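# Commentary on secondary and tertiary structure
Below, each chain spelled out in residue letters.
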Amino acid sequence: MEKITFNLTALHKHGTAFFEFLALRKRFFVDQLGWDIPHDDDVEMDQYDNPKAYYSLVLKDGQVVGGMRAMATTAQWGSHTYMLRDAVDGKLIGIPADIIPHAEVTPNVWEATRVVISEQLGTQAERSQCLGLVLDGVVEQATAQGATEIIALCPPVFARTLRQLGYPAKIIGEPYTNLHDDRRYVAMAMPAVRRAGAKPPRATPLPKSTHMMQQQAVHAPAKI
């Protein structure tokens, strides 16, 4: 497996990889989890897939088998900033406004979202390797822009998974239950540093279709 990283200005250098990532997201979040998020028959794509976003994807035999999106907490595109800040501001449906104590706005902190790993990776070792490569790519992009920390919305169990992969994560908010998939999520933070001495997950194995650092990015009704 190999990782690739890019933003929208460079996606043309990677053939159909970006489209494949959006299609992988659609198959998991929409087809499997039933999330009510923007999509068509082929792909899932929302307001955070904009020129402020960066992507870390993993390829196996030339096909995308995992990926993640990230952006700085200083990002703004139209009326939207980054997911957790928009949730705090009441712009999203389904995520509590008190999901985090304070919405950071600093180049030192980046947010990661839309992590997914393909069910084509059939072994725990493959899924662990893929997730580690995805995270490595995001950390490389974030640190190149001066970031020191990455925040995300994850299932609580992934705090241990991230630690076992060599990324010391900590919970920074209270968990909530997503109304569409009945799964619990909580905000987490981890240092944006290159991992060392990574260990494969044992106690908290990754499922065949892994998702973490997610959001249900849906516009809230307009307030008049």
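Residues numbered from 1 in each chain as written. Predicted model: local features only at pLDDT ≥ 70, side-chain atom pairs only at ≥ 80, totals over all residues. Heavy atoms only, no water.

Over its 21 residues, helix α3 (residues 124-144) extends 30 Å from the first C-alpha to the last, a length consistent with the 30 Å expected when each residue adds 1.5 Å. A large share of α3 lies buried, amounting to 15 of its 21 residues. Note on α3: the residue one or two positions beyond its end, G146, has a positive phi of about 95 degrees. (Helix = DSSP H or I, 4+ residues; strand = E, 2+ residues; numbered from the N terminus. Expected span 1.5 Å × (residues − 1). Buried < 20%, exposed > 50% of the residue type's maximum accessible area, 1.4 Å probe, protein only.)

This part covers the pattern of salt bridges. This model, assessed by the stated rule, comprises 10 salt bridges. Notably, a salt bridge pairs D46 with R69, separated by 2.8 Å at the nearest N-O pair. With D46 in the loop between α1 (17-32) and β2 (54-60) and R69 in strand β3 (residues 63-72), this residue pair connects regions lying 23 residues apart in the sequence. Taking the relative accessible area as the measure of exposure, D46 reaches 7% and is therefore buried. Across the pair K91 and D86 runs a salt bridge whose closest N-O atoms are separated by 3.9 Å. (Salt bridge = Lys/Arg side-chain N within 4 Å of Asp/Glu carboxyl O.)

Membership of the largest hydrophobic core comes to 41 residues, with the highest contact counts inside it found for I95, I99 and L153. Elements supplying a minimum of two residues to this core: β1 (2-7), α1, β2, β3, α2 (83-88), β4 (109-117), β5 (149-154) and β8 (184-191). Looking at this core, the element that brings in the most residues is α1, giving nine residues. Counting 33 residues, the second-largest nonpolar core is a separate cluster that includes Y54, V58, V115 and A159. (Core = buried A, V, L, I, M, F, W, Y, C linked by side-chain atoms within 4.5 Å.)

Applying the stated rule across the entire model yields nine aromatic pairs. For the ring pair F6 and F18, a centre distance of 6.4 Å and an interplane angle of 85 degrees mean the geometry is edge-to-face. Placement of F6 in strand β1 and of F18 in helix α1 is noted, with a sequence separation of 12 residues between them. By the burial criterion, F6 is buried, and F18 matches it. Ring geometry for W35 versus Y185: centroids 6.4 Å apart, planes at 75 degrees, classification edge-to-face. Here Y185 lies in strand β8 and W35 lies in the loop between α1 and β2, a separation of 150 residues in the sequence. Through successive ring pairs, a cluster of aromatic residues spans F28, F29, W35, Y176 and Y185. (Phe/Tyr/Trp six-rings, centres within 6.5 Å; stacked < 30°, edge-to-face > 60°.)

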